[in-house]
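# Structure assessment
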Amino acid sequence: MGVETNTIIVTFYRITCDYCGRVEQIDNSLNHTIYNRRNAVRSIGWTL
């Protein structure tokens with residue numbers, strides 16, 4: 001019998017624009033280059 005395990009950690013980022021109040025929520029499940037808040041903001045085309 002073979003056993004295979006996978007650990008999946010998904011982080012959700014909720015980004016709110018200070019000027020207009022627009023809210024975006026993204027996660028790193030499909031895009032593995034998002035590993036911190038700064039990369040999350042850049043991934044949607046916004047800047048800090």
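A brief look at the structure comes next. (Residues numbered from 1 in each chain as written. Predicted model: local features only at pLDDT ≥ 70, side-chain atom pairs only at ≥ 80, totals over all residues. Heavy atoms only, no water.)

## A closer look at the overall build of the protein chain
- In terms of helices and strands, the protein chain carries one helix and two strands.
- In sequence order, the secondary structure elements of the protein chain are arranged as β-β-α.
- In the protein chain, buried positions account for 21% of the 48 residues.
- Nonlocal contacts in the protein chain, meaning residues at least 24 apart in sequence, comprise 19% of its contacts between residues at least 6 apart.
- Roughly 4500 Å² of accessible area belongs to the protein chain as shown, and the carbon and sulfur atoms make up 49% of that amount.
- Measuring between centres, the 5 positive side-chain charges of the protein chain sit 11 Å from its 4 negative side-chain charges. (Helix = DSSP H or I, 4+ residues; strand = E, 2+ residues; numbered from the N terminus. Buried < 20%, exposed > 50% of the residue type's maximum accessible area, 1.4 Å probe, protein only. Contact = heavy atoms within 4.5 Å. Areas by Shrake-Rupley, 256 points an atom, 1.4 Å probe, with all protein chains shown as cover. Lys, Arg positive; Asp, Glu negative; His and termini not counted. Charge placed at Lys NZ, Arg CZ, Asp CG, Glu CD.)

## Description of the side chain of asparagine 39
- Along the polypeptide, asparagine 39 turns up in helix α1 (residues 37-43).
- One polar contact links asparagine 39 to tyrosine 35, side chain to side chain, over a distance of 3.4 Å.
- Once residues lying within four places of it in the same chain are set aside, the contact partners of asparagine 39 are Thr33 and Ile34. (Polar contact = N/O pair within 3.5 Å; in protein donor to acceptor, adjacent residues only side chain to side chain.)

## Some words on the pairing of strand β2 (residues 23-27)
- Summarising the sheet, strand β1 (residues 12-16) and β2 pair through five bridges and their orientation is antiparallel. When the bridges of β2 are listed, tyrosine 13 appears paired with isoleucine 26. (Pairing = 2+ DSSP bridges.)

## Focus: the pattern of salt bridges
- Per the counting criterion, the structure on display carries one salt bridge.
- Between glutamate 24 and arginine 22 there is a salt bridge, and its shortest N-O distance comes to 2.7 Å.
- Residue arginine 22 is classed as partly exposed on the basis of its relative accessible area of 45%. (Salt bridge = Lys/Arg side-chain N within 4 Å of Asp/Glu carboxyl O.)

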